[in-house]
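# Reading the structure
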Amino acid sequence: MHTTVGIIGGGPAGLLLARLLYRAGIDCVVLESQDRTYVEQRQRAGILEQATVDALREAGAARRLDAEGLVHDGIELRWDGRAHRIDFPSLTGGRRVWVYAQTEVVKDLIALQLADGSPLHFGARVTAVEGADTDRPTVHYTHEGRNAELTCDYVVGCDGFHGVTRTAVPADVRRTYERTYPYSWFGILADVPPSCDELVYAHSPRGFALHSMRSPEVSRLYLQVPNGTDPADWPDTRIWDELDARFAVEGDWKLRRGPITSKSVVPIRSSVTEPMRYGRVLLAGDAAHIVPPTGAKGLNLAAADVVVLARALVRKQRTGSADLLDSYSDTCLRRVWRAEHFSYFMTTTLHTDPEQTGFDTRLQISQLDRIAASPHAEAELAQNYTGLPLP
């Protein structure tokens, strides 16, 4: 079997790319190793930048998002018992963010793909990508108990950090830059209306906390915990008490409590693989970069990658020019490193390092004070959080 674009990975990056290519008349095949139920239930990001929402609308995949997504015009920072709201539209020329879970984005894109899009194969485990430096790379995979091959004009790896596509870039060409953090996020889902209208990021001597939401009835909350934390060691009462302590603020604000339906611990790390293109193989999303969730950039970076790539592939088909394909890696990496820096800034400003000194804490407080007092610092945070415009 042959296709113009072989897409490895049926997460948001691969599915959005497939949708954009379908609407441009470019054939593709999506190979996803997991089954549909697993893919639609993977809990990941929940914040969509303005550019990501625009891309989903362009792809015709925003009907439910526009009806059910929660539009947010700001976030709240808390530290030392104080609170400061950052108003996005007034600082960014009107940009904002949406709360709409990645699981819902994936469900929407899968439904469209199966209804009228290009082939999407679940349970298709890719074992190798060969011939990246040829004009017809080959994807080897197993599906329904059989070995199969897919030849392509281009292969796009949207299969994550541990996927096989990264290894198609030779080791002597591939460079990976990484940073690990000495803490993790303990995330919960709770059947209780959110205690706030917008996200709350809290700095505390006890550690970082984040109050988010998935809907008007479901809250999503996170606690900074040591690496290796076992969720079983945290009964519900302990979780709510710790959240209460970290969100403490002057005034009459109260944290609502309710039944906890899900608990998970996620390590925090950063990673960037360069280049994002080698021959006819291109990387997108987590296959090329991972960011700490503090800056809400993971899904949005993936969407930006595939928007840039779709435009490049359309240009190649319609004009024969490969200039946008040739510049794909450099174009995306400029945005990736900006997002990595912003995520690092948010993470190190709000979290408490286990070996942190009093001096380090005072620097964090000083930075938060500056954001509250300086329109320039506040605007820089707002502009990065809502996402830089696509080139």
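So, here's what we can say about the structure. Predicted, not measured: the structure shown is a model, and the values here were computed from it.

## As for the packing of helix 1 (residues 12-23) against helix 6 (residues 102-116)
- At a minimum axis separation of 9 Å, helix 1 and helix 6 run at an interaxial angle of 40 degrees. Comparing their axes, helix 6 and helix 1 come out oblique. Two packed elements cross with a definite hand, and for helix 1 against helix 6 that hand is left-handed. Contacts from Pro 12, Leu 15, Leu 16, Ala 18, Arg 19 and Tyr 22 in helix 1 reach Gln 102, Val 106, Leu 109, Ile 110, Leu 112, Gln 113 and Asp 116 in helix 6.
- Grouping the amino acids of the contact of helix 1 with helix 6 by side-chain chemistry returns nine nonpolar, two polar and two charged.

## Here we look at the nonpolar core
- If you look at the biggest cluster of nonpolar residues, it comprises 59 residues, and the most contacted ones within it are Ile 7, Leu 16, Leu 21, Leu 48 and Leu 56.
- The greatest single-element share of this core, amounting to twelve residues, is contributed by helix 8 (residues 298-319).
- Those residues in contact with Leu 56, other than ones at most four positions away along the chain, are Leu 16, Leu 48, Ala 61, Ala 62, Leu 65, Val 105 and Leu 109.
- One finds Ile 47, Trp 240, Leu 350 and Ala 382 within the second-largest nonpolar core, a separate group that totals 49 residues.

## Digging into the environment of Phe 186
- In this fold, Phe 186 is placed in strand 12 (residues 175-190).
- Owing to a relative accessible area of 1%, Phe 186 belongs among the buried residues under this scheme.
- With 78 residues separating them in the primary sequence, Phe 186 and Ser 264 have C-alpha atoms 5.8 Å apart.
- Once residues lying within four places of it in the same chain are set aside, the contact partners of Phe 186 are Leu 221, Tyr 222, Leu 223, Val 225, Pro 231, Trp 234, Ile 239, Lys 263, Ser 264 and Val 265.

## Quick notes on unusual backbone geometry
- Cis geometry marks the peptide bond from Glu 274 to Pro 275, where omega comes out at -10 degrees.
- In the Ramachandran plot, Glu 144 falls in the positive-phi region, its phi being about 55 degrees despite a non-glycine side chain.
- Among the structural elements, Glu 144 can be located in the loop between strand 10 (138-143) and strand 11 (146-157).
- Classification of Glu 144 by relative accessible area gives exposed; the value is 70%.
- The phi angle at Ala 296 is positive, at roughly 60 degrees, despite the residue not being glycine.
- Relative to the helices and strands, Ala 296 is located in the loop between strand 19 (289-290) and helix 8.
- You can call Ala 296 buried: its relative accessible area is 13%.

Basis of the calculations
- Residues numbered from 1 in each chain as written.
- Predicted model: local features only at pLDDT ≥ 70, side-chain atom pairs only at ≥ 80, totals over all residues.
- Heavy atoms only, no water.
- Axes fitted to C-alpha atoms, helices over the stretch in contact; angles between N-to-C directions.
- Helix = DSSP H or I, 4+ residues; strand = E, 2+ residues; numbered from the N terminus.
- Parallel < 35°, antiparallel > 145°, perpendicular 65-115°, else oblique.
- Left-handed = near helix turned anticlockwise from the far one by under 90°.
- Contact = heavy atoms within 4.5 Å.
- Nonpolar A, V, L, I, M, F, W, Y, C, P; charged D, E, K, R; others polar.
- Core = buried A, V, L, I, M, F, W, Y, C linked by side-chain atoms within 4.5 Å.
- Buried < 20%, exposed > 50% of the residue type's maximum accessible area, 1.4 Å probe, protein only.

In short, shape yes, function no, at least from these values alone.
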